[in-house]
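# Remarks on the overall topology
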Amino acid sequence: MECLSLDGGVSIRLCVLLLLLCALCDHSFLAHMKELLLVLLPLAGAALAAVWRGNRTRPWLMPVFGAAHAVLSLWLLVAPPAQPLGSWFGFDPLARAVLPTVSLLFVLCAAYGVSYLRVRAERPNRVFVSLMLAVLGLLSAGHMARHLGLLWIATEGVTLAAIPLLHFNATPRAFEATWKYLLVGGTGIALSLLGSFALGYASLHGGGSGDLTFGALLAQGVGLTKPWMLTAWVLLLVGYGTKMGLAPMHTWKPDAYGEAPGIVGAILAGGVTTVAFTAILRVRAVVAAAGEGAIADRTLIAIGLFSLVVAALFLLGTRDFKRMLAYSSVEHMGILALAAGLGAPGLWAALFHVWANSLTKGALFLSAGNIRRAAGARTMDEVGGMAKLTPVSAAIFVAGMFAVTALPPFGPFFSELRIVRASFAPSGSAIAGVVFLGCLLFAFFGLTRVVFAIVDGRPRVATKLTGHRFPETAGVIVPPLILMALSLWLGLALPEVLSTSWTEAVAQLYPAP
Amino acid sequence: MNGTLNLLIGLTMGLNLMALGSSRIPSLIRAMSVQGVVLGVMPLLIEHLFGWEAMLRHWPVLLVAVATITVKGIVIPRLLNRAMRAANIDRDMEPLIGYVPSILLGAGGTIAAMALARSLPLLPEHAGSLLVPGALASVLTGFVLLIGRTKAISQVCGYLILENGIYLFGLLLIHATPLLVEAGILLDLTVGVFVIGIIVDHIQRAFDSLDTRKLTVLRE
């Protein structure tokens, strides 16, 4: 019981929080409470974790608050509010189309995290648990931000909160990776602020008030001054593209994903990148409203194809299976950028792909974490025969690999099929489609090469000794299995509510003329 | 007003070149902190806040100015100096881009920024001001330092100068969106974390070495 007791200062803080909630709870806010709770609940969880005493019980806060968040976001998915909360912030169709997948991914990663932190009981987890929940809250804020400044603050917050998660292992290599992440990510985030300022000046110079809500910017439309608007587009694409990990701004990704714990990699690859992607989508809509949609689409296709080519080349060369996942993530971010540049059908497929990719990548990162722990190494030169030592994780890893390289029954196959169809449509670009298919093929070669080298063969002698220290318990097997099952479900029986949510998000970003 | 403001922006550009040319880290930190103070004064100039009465009326601007001067001119340089002493480094010995090429790049970048800024349309009240070229030149300087230097502290200085450029640009919007000023302050927070990150890293290393010494003492 001792570990559950809270000291006086904490209860005061909780009371203040409750009072704040009550103050927000007056008439007009009551209906929109769920939207606010999506942000406030995880942040309250983060505060609670920061003062929680027991190192062994604390990790349970992650799945508890994650599950509450998932319930709220799925509830909002099924029954969205008629109007978003306000012009600055709210659960609009785009947030509805993407946020629930982040929520699902988080709750499963959090469930895995409980077992993971039990294995790593020697390390204090106060900062880790607290910041994981803070990342969830800030991600929700980023997805629901309808103001360029607010969006920037949320993304900045996520970047900062992720730093201690990255060097949780506290090895010199982890610190080096964190430094790279800070340097590249910080520069990216600075450029996106410069881009936000430039868009503000485009509005001011065009006779507007410099209001940075997306609603006001869309309404001003062609009134935005062209040169400033295009400068802003380039800066925002580079800035948020860095967060997303589009080539050539992807350099932080292999190091960060390679050194961070599996759950952190999964949240970064499936959650943080999506908030940057929706940011780019929102800005693209402003550029299109100003009459330069064609330029925006062309840059998106170009940067997407470049990322695909770079990722395919590195996938053919890498020997480390955690870095392989990072390059695979670069590849899928390229696919998203490409699809977003292919008009309304492409955008619909991109939103589908966000779901398919997040869930499948989650399964891959979690099973890779299991394999990595049991093997005690990460390159195909040191690891082999994992099908014998960790049979279930190896099976999930192989299945996830086939899913992510677009094998038919899984979700990514259907989303990528739609992207191919959109690129060969008259409004798309056939060359882009051909390059896309070629890169998928090379990525497939690269991934199978590494995955089968790790899974097949005979286990190394050293691995046999370490392998038994980390048995495959239900806690580390069930979450990735559920993620795989969800990916399969997206492919086999796409729920009606999801496809309508994507259609509505496309309608929001491509308003009928 | 524009004349004095332009003089200060010119000073900022000069400090950029000084930062690019300095091989010793203390002088790099000094150039950066002087730049921070110069930037902190600018909002007061733009808002014509010269008397106490005017300052009290526009207290948010005053607050921003004081906060900028304190954080950029005093707090961050102190933290960096302390980190430098803890790590026992004084010079960036092997920069990827040498000092003379850095200065040449910076000078070329400043000229390019002037030319580029001319092609961007400005509101009448900003015409003739050097805010845009100054901002672009500082961003470029920041990039050269980030890419060209190898020591973490010099890279942080580069990042701070880049951020100073963004602050300069933000001054164009000072009337329109007060929130963005706050966002700029948040960016400062990033830098704070940046700096703390280094210090933590070094403390960690220091602890390691302390530990080994203790172990030898025990053995003896």
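Position numbers for residues count from 1 along each chain, tracking the sequence in the order it is written. Lettering for chains starts from A, numbering for ligands starts from 1, and both go in the order in which the items are written. Reporting of local features is limited, given that this is a predicted model, to residues whose pLDDT is at least 70; pairs of side-chain atoms are given and counted only at 80 or more, and all residues count toward the totals for whole chains, interfaces and linings. Excluded from the side-chain calculation are hydrogens and water; included are all heavy atoms of the structure.

Moving on, we get to the packing of aromatic side chains. Residues and elements named next belong to chain A. When two rings of Phe, Tyr or Trp (its six-membered ring) have centres within 6.5 Å they constitute a pair, described as stacked for plane angles under 30 degrees, edge-to-face for angles over 60, and tilted for the intermediate range. Tallied over the entire structure, the rule returns 18 aromatic pairs over all chains. Taking the centre distance of 4.9 Å and the plane angle of 5 degrees together, the rings of phenylalanine 314 and tyrosine 327 count as stacked. With phenylalanine 314 in helix α13 (residues 293–317) and tyrosine 327 in helix α14 (residues 321–340), the pair connects residues that are 13 residues apart, well separated along the chain. On the numbers, 5.3 Å between centres and 85 degrees between planes, the contact of tryptophan 348 with tryptophan 502 is edge-to-face. Separated by 154 residues along the polypeptide, tryptophan 348 in helix α15 (residues 343–375) and tryptophan 502 in helix α22 (residues 496–509) bring together distant segments of the chain. For the pair tryptophan 348 and tryptophan 502, one class covers both residues: buried. In this text, helices come from DSSP runs of H or I with a minimum length of four residues, and strands from runs of E with a minimum of two, each type numbered from the N-terminal end. Relative accessibility under 20% of the residue-type maximum defines a buried residue, over 50% an exposed one, and the middle range a partly exposed one, all with a 1.4 Å probe and only protein chains included.

Let us now look at the packing of helix α12 (residues 262–289) of chain A against α13 of chain A. Between N-to-C directions, angles cover 0 to 180 degrees, with each direction set by a line fitted to C-alpha atoms, over the stretch in contact for helices. Remark: α12 of chain A packs on α13 of chain A, axes separated minimally by 7 Å, with the N-to-C direction vectors making an angle of 145 degrees. Two secondary-structure elements touch here, α12 of chain A through Ile280, Arg284, Val287 and Ala288 of chain A and α13 of chain A through Gly293, Ala296, Asp297 and Leu300 of chain A. Throughout, a residue-residue contact means that at least one pair of heavy atoms, one from each residue, lies within 4.5 Å.

Turning our attention to the environment of threonine 187 of chain A. Residue position: threonine 187 of chain A is located in helix α8 (residues 172–205). When its relative accessible area of 10% is taken as the criterion, threonine 187 of chain A is described as buried. Filtering out sequence-adjacent residues up to four positions away, threonine 187 of chain A remains in contact with Leu182 of chain A together with Phe143, Leu146, Tyr159 and Leu162 of chain B.

This part is about the nonpolar core. Grouped together as the largest cluster of nonpolar side chains are 229 residues, with contacts concentrated most on Leu338, Leu351 and Phe397 of chain A together with Met42, Leu80 and Phe169 of chain B. In terms of residue count, the dominant contributor to this core is α15 of chain A (18 residues). Those residues within four positions of phenylalanine 397 of chain A in sequence are excluded, and the remaining contacts are Phe321, Met324, Leu325, Leu364, Ser367, Ala368, Ile371 and Val451 of chain A. Within this scheme, the nonpolar core is defined by two criteria: the residues are buried Ala, Val, Leu, Ile, Met, Phe, Trp, Tyr or Cys, and they are joined through side-chain atoms within 4.5 Å.

Next up on the list: helix α1 (residues 2–21) of chain B. A helix is expected to span 1.5 Å for every residue after the first. Helix length check: α1 of chain B (20 residues) gives 29 Å between terminal C-alpha atoms against 28 Å at 1.5 Å per residue, within 8%. Looking at the packing, one finds that the buried side of α1 of chain B touches α2 (25–46), α5 (99–118), α6 (131–148) and α7 (152–170) of chain B.

Residues and elements named next belong to chain A. Cis geometry marks the peptide bond from alanine 247 to proline 248; its omega dihedral reads 5 degrees. In this structure, alanine 406 is a non-glycine residue whose phi angle is positive, near 70 degrees. In this structure alanine 406 comes out as buried when scored by relative accessible area, which is 18%.

Next up on the list: the packing of helix α5 (residues 93–119) of chain A against α22 of chain A. Residue and element names in this part refer to chain A. Direction vectors running N to C along α5 and α22 enclose 140 degrees, while the axes themselves pass 7 Å from each other. It follows from the interaxial angle that α5 and α22 lie oblique. Along this stretch, α5 crosses α22, giving a crossing that reads as left-handed. The segment α5 lies against α22, with Pro93, Leu94, Arg96 and Ala97 engaging Val497, Thr500, Ser501, Trp502, Glu504, Ala505, Gln508 and Leu509. Here roughly perpendicular refers to angles of 65 to 115 degrees, roughly parallel to angles under 35, roughly antiparallel to angles over 145, and oblique to all remaining angles. Each crossing gets its handedness from the near helix: less than a right angle anticlockwise from the far helix is left-handed, clockwise is right-handed.

The next thing to look at is helix α6 (residues 126–144) of chain A. Residues three or four positions apart in an α-helix share a direction because the helix packs 3.6 residues into each turn. Given a rise of 1.5 Å per residue, 19 residues ought to cover 27 Å, and the 28 Å separating the end C-alpha atoms of α6 of chain A matches this to within 8%. Among the 19 residues in α6 of chain A, 16 count as buried, and that is most of the element.

All names here are of chain B. Per-residue pLDDT for chain B has a mean of 77; in total, 76% of the residues score no lower than 70. Summary of the metric used: pLDDT quantifies the predictor's per-residue confidence within the range 0 to 100. Highest mean pLDDT in chain B belongs to α6 (90); lowest belongs to helix α8 (residues 178–219) (52). In this model, residues 206–220 is a region of pLDDT below 50 whose contacts with residues beyond four sequence positions or in other chains number 0 contacts. Two summary scores accompany this predicted model of the complex, namely pTM at 0.88 and ipTM at 0.85.

Another aspect to go through is the side chain of serine 73 of chain A. Following the sequence through the fold, serine 73 of chain A ends up in helix α4 (residues 61–78). With residues near it in sequence (within four places) discarded, serine 73 of chain A still touches Leu38, Phe91, Pro100 and Ser103 of chain A.

Quick look at the environment of serine 27 of chain B now. Residues and elements named next belong to chain B. Tracing the sequence through the fold places serine 27 in helix α2. A sequence separation of 39 residues divides serine 27 from valine 66, and the C-alpha atoms of the two residues are 24 Å apart. Identification of polar contacts relies on pairs of N or O atoms within 3.5 Å, with a donor-acceptor requirement for protein atoms, meaning one able to donate a hydrogen and the other able to accept it, and with residues adjacent in sequence counted only if both atoms are side-chain atoms. Within the structure, serine 27 has its side chain in polar contact with the backbone oxygen of arginine 24 (distance 2.9 Å).

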